[in-house]
Amino acid sequence: MNDPVTTHTAPFDLASLGEGQIAYMRQMSSDEMRARFPAAKSIQPGLKLWALFGADGTPLAVSDDRSSILASATQNELLTVSLH
C-alpha cells in the first residue's frame, strides 16, 4: 500500500492560488462593505451589492448589478466562482 503524502501549505501560499486568474463574487450589504473596506464609506447604506474579489481577497469591483460584475471579470479574463 502507498502511504499518503502530507503537504503543508502556508496561509500566504493558499491565498495566492489563482492570483490573476480566478476571482470570486458574492452578494453583500453596503453596510458590510462599508465596515470591511474603509474606502467604501461613501456607499449609501442599506443596499444589496455584488462584489468581485481577487483570489487573495482583494476587492476588484462593486455593483448593484450582478451582470456588470460578471462582465468586469470577463473583460479582465478572470474565471469567476460564487461564494454562498
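Details of the structure are given in the entry above.
Below is a short write-up of the structure. Keep in mind that what you see is a predicted model, and the values were worked out from it rather than measured.

### Remarks on the overall build of the protein
What the protein contains, in helices and strands, is three helices and four strands. Ordered by position in the sequence, the α and β elements of the protein form the string α-β-α-β-β-α-β. Residues counted as buried form 25% of the 84 residues belonging to the protein.

### Things to note about the packing of aromatic side chains
Remark: the centre distance and the inter-plane angle together describe each pair of aromatic rings, the angle taken between the planes. Inspection of every chain in the model, using the stated rule, returns two aromatic pairs. The interplanar angle of 20 degrees and the centroid separation of 5.2 Å between the aromatic rings of Tyr24 and Phe53 together place this pair among those described as stacked. On the criterion of sequence distance, the pair formed by Tyr24 in strand β1 (residues 22-29) and Phe53 in strand β2 (residues 48-54) is long-range, its members being 29 residues apart. The buried category is assigned to Phe53, whose relative accessible area is 1%.

### Quick notes on the pairing of strand β3 (residues 59-63)
Note: β2 against β3, four bridges, orientation antiparallel. Of the residues in β3, the one forming a bridge with Leu52 is Ala61. Hairpin geometry of β2 and β3 is characterised by an intervening segment of four residues between the two adjacent antiparallel strands and by a positive phi of about 95 degrees at Gly57.

Parameters at a glance
- Residues numbered from 1 in each chain as written.
- Predicted model: local features only at pLDDT ≥ 70, side-chain atom pairs only at ≥ 80, totals over all residues.
- Heavy atoms only, no water.
- Helix = DSSP H or I, 4+ residues; strand = E, 2+ residues; numbered from the N terminus.
- Buried < 20%, exposed > 50% of the residue type's maximum accessible area, 1.4 Å probe, protein only.
- Phe/Tyr/Trp six-rings, centres within 6.5 Å; stacked < 30°, edge-to-face > 60°.
- Pairing = 2+ DSSP bridges.

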